[in-house]
Amino acid sequence: MDIIFTLVLYNNSPEEIDPLISSINNLKKINKKIFLSVHDNGSKNNLEKHLSSKLDSEITKIYHNSKYNVGFGKGHNCAYKKIKKFLNKNNNPENLLIVVNPDIFFEAKEISKMIRFISDDKNNDVVCISPLIYNNSNKIQHSAKRNPTILSLLIGRLNFLEKINILQKYLTQNQNRELTGGGIFESSYLSGCFLLIKAKIFEKIKGFDERYFLHFEDADITRELSKYGKCIHFPKAKINHLWQRGSHKSKKQTIYLIQSMIKYFNKWGLSIF
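Residues numbered from 1 in each chain as written. Predicted model: local features only at pLDDT ≥ 70, side-chain atom pairs only at ≥ 80, totals over all residues. Heavy atoms only, no water.

A. Structural context of the packing of helix 9 (residues 217–225) against helix 10 (residues 251–268). For the pair helix 9 and helix 10, the least separation of the axes is 10 Å and the interaxial angle reads 25°. Classified by the interaxial angle, the pair formed by helix 9 and helix 10 is roughly parallel. Listed contacts from helix 10 to Ala219, Asp220, Arg223 and Glu224 of helix 9 are Tyr264, Lys267 and Trp268. Grouping the constituent residues of the contact of helix 9 with helix 10 by class yields 3 nonpolar, no polar and 4 charged. (Axes fitted to C-alpha atoms, helices over the stretch in contact; angles between N-to-C directions. Helix = DSSP H or I, 4+ residues; strand = E, 2+ residues; numbered from the N terminus. Parallel < 35°, antiparallel > 145°, perpendicular 65-115°, else oblique. Contact = heavy atoms within 4.5 Å. Nonpolar A, V, L, I, M, F, W, Y, C, P; charged D, E, K, R; others polar.)

Right, dumping it as structure tokens:
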């Protein structure tokens with residue numbers, strides 16, 4: 001069984017990706033066969049040399065620098081296709097894919113828990129799992145949600161609405177806040193910052209829907225994966241995410257968010273609440 005990481009970069013600095021690379025190196029000490037496929041979305045600074053100098057020499061790395069930004073989902077699809085071509089006939093149907101953001105770091109033992117869980121014959125119906133995620137303030141990121149609705153997105157965007165008791169209760173329920181730090185549960189919307197997926201199922205659904213440039217691709221792929229098995233929130237494993245919330249800081253990101261929202265509801269049906 002191989003562990004395949006796909007990573008999409010866009011104008012990241014070497015310092016931003018170093019914690020992730022260090023985490024992957026530490027995982028190599030526990031799991032022998034690790035591959036990293038990087039799709040760089042047209043960054044100004046080519047990080048291939050930096051990655052080569054920092055990454056464990058026994059980890060197979062593929063680096064592709066695109067001429068332009070193809071988006072999050074397509075970037076991960078391209079990265080997976082590159083590594084799939086490299087593996088060719090040696091491709092194992094039990095391979096696991098880890099879709100990861102550049103601003104993630106973790107302890108190797110935490111990822112090993114996830115690998116053991118999804119590889120256990122008792123969990124044969126599980127196709128995707130996501131860990132408990134802590135943000136840069138060391139607070140739990142509510143990353144295992146119910147399907148997005150217009151109301152949940154509105155409250156999440158306009159924080160003052162949470163001060164209204166009934167809306168706060170609604171968002172708490174929509175984001176599974178009371179469940180997140182507790183036991184294992186099935187979720188219809190897992191955060192795309194870190195997803196451990198059975199590679200054969202990722203191939204079955206043909207990866208991410210490339211119509212989303214950014215945002216909602218994780219909500220979409222969770223629903224697609226759920227057609228073949230369970231998508232699980234697994235709080236027994238913990239990782240850290242230096243969460244930037246770009247869509248709340250940039251007008252351009254907000255436009256991407258609205259465009260993706262329209263595509264998502266057009267595909268899955270409009271849900272007001």
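B. Focus on helix 5 (residues 150–157). When helix 5 is considered as a whole, its buried residues turn out to be Ser152, Ile155 and Gly156. Taken end-on, helix 5 shows its buried residues confined to a sector of 100°, consistent with a single buried face. Where helix 5 is buried, its residues touch helix 6 (165–174). (Buried < 20%, exposed > 50% of the residue type's maximum accessible area, 1.4 Å probe, protein only. Arc of directions from axis to C-beta.)

C. Spatial organisation of a nonpolar patch on the surface. On the surface, a nonpolar cluster with roughly 280 Å² of combined accessible area is contributed by Leu154, Leu158 and Phe160. As for its position among the elements, Leu158 is in the loop between helix 5 and helix 6. Looking at Leu158, the relative accessible area reads 33%, which means it is partly exposed. (Patch = residues over 30% accessible without salt bridge, like charges linked within 9 Å, V, L, I, M, F, W, Y side chains within 5 Å. Areas by Shrake-Rupley, 256 points an atom, 1.4 Å probe, with all protein chains shown as cover. Salt bridge = Lys/Arg side-chain N within 4 Å of Asp/Glu carboxyl O.)

D. Just the side chain of His50, in detail. Its place among the elements puts His50 in helix 2 (residues 48–54). The exposure class of His50 is buried, given its relative accessible area of 18%. In terms of polar contacts, His50 uses its side chain to reach the side chain of Asp18, at 2.7 Å. Those residues within four positions of His50 in sequence are excluded, and the remaining contacts are Pro14, Ile17 and Asp18. (Polar contact = N/O pair within 3.5 Å; in protein donor to acceptor, adjacent residues only side chain to side chain.)

E. Up close: the pairing of strand 2 (residues 34–40). Among the 7 residues in strand 2, 7 count as buried, and that is most of the element. Going residue by residue along strand 2, you find Ile34, Leu36, Val38 and Asp40 tucked away on one face and Phe35, Ser37 and His39 tucked away on the opposite face as well. Where strand 1 (residues 3–9) lies against strand 2, 7 bridges are found, and the strand directions are parallel. The partner of Leu9 across the bridge, within strand 2, is Asp40. Regarding topology, helix 1 (residues 14–28) serves as the crossover connection from strand 1 to the parallel strand 2, and that connection is right-handed. Examined bridge by bridge, strand 2 and strand 3 (residues 60–65) share 6 bridges and lie parallel to one another. Note that in strand 3 the partner of Ser37 across the bridge is Ile62. One crossover worth recording links strand 2 to the parallel strand 3 by way of helix 2, and it is right-handed. (Pairing = 2+ DSSP bridges. Right-handed = clockwise from strand over helix to strand, strands pointing away.)

F. Geometry of the pattern of salt bridges. As enumerated under the stated definition, the model contains 12 salt bridges in all. Residues Lys267 and Asp209 are paired through a salt bridge, measuring 3.0 Å at the closest nitrogen-oxygen approach. In this pair, Lys267 is assigned in helix 10 and Asp209 in the loop between helix 8 (199–204) and helix 9, connecting sequence segments 58 residues apart. Residues Glu224 and Lys227 are paired through a salt bridge, measuring 2.9 Å at the closest nitrogen-oxygen approach.

G. Representation of the packing of aromatic side chains within the structure. If you walk through the whole model with that rule in mind, you get 10 aromatic pairs. When the ring of Phe106 is compared with that of Phe194, the centres are 5.9 Å apart and the planes differ by 75°; the resulting orientation is edge-to-face. Placement of the pair is Phe106 in strand 5 (residues 104–106) and Phe194 in strand 11 (residues 194–198), with a sequence separation of 88 residues. Across this residue pair, the class does not change: Phe106 and Phe194 are buried. When the centroid spacing of 4.7 Å and the interplanar angle of 40° are considered together, the rings of Phe213 and Tyr256 count as tilted. A residue pair is termed long-range when its members are at least 10 positions apart, and Phe213 in the loop between helix 8 and helix 9 and Tyr256 in helix 10 qualify at 43 residues. In textbook terms, an aromatic cluster arises when at least three aromatic residues are bridged by ring pairs, as seen for Phe72, Tyr80, Phe202 and Phe208. (Phe/Tyr/Trp six-rings, centres within 6.5 Å; stacked < 30°, edge-to-face > 60°.)

H. Highlighting the pairing of strand 6 (residues 126–134). The buried fraction of strand 6 is high, at 8 of 9 residues. Bridge analysis of strand 6 against strand 12 (residues 230–241) gives 8 bridges, and the strand direction is parallel. When the bridges of strand 12 are listed, Ile129 appears paired with Ile232. Here 2 bridges tie strand 6 to strand 11, and the two strands are oriented antiparallel to one another. When the sheet's bridge partners are listed, Cys128 is paired in strand 11 with Ile197. One ladder, built from 2 bridges, connects strand 6 with strand 7 (residues 140–141); its direction is antiparallel. Paired with Tyr134 across the bridge in strand 7 is Ile140. Hairpin connection of strand 6 to strand 7: 5 residues between the antiparallel strands, including Asn138 at a positive phi of 60°.

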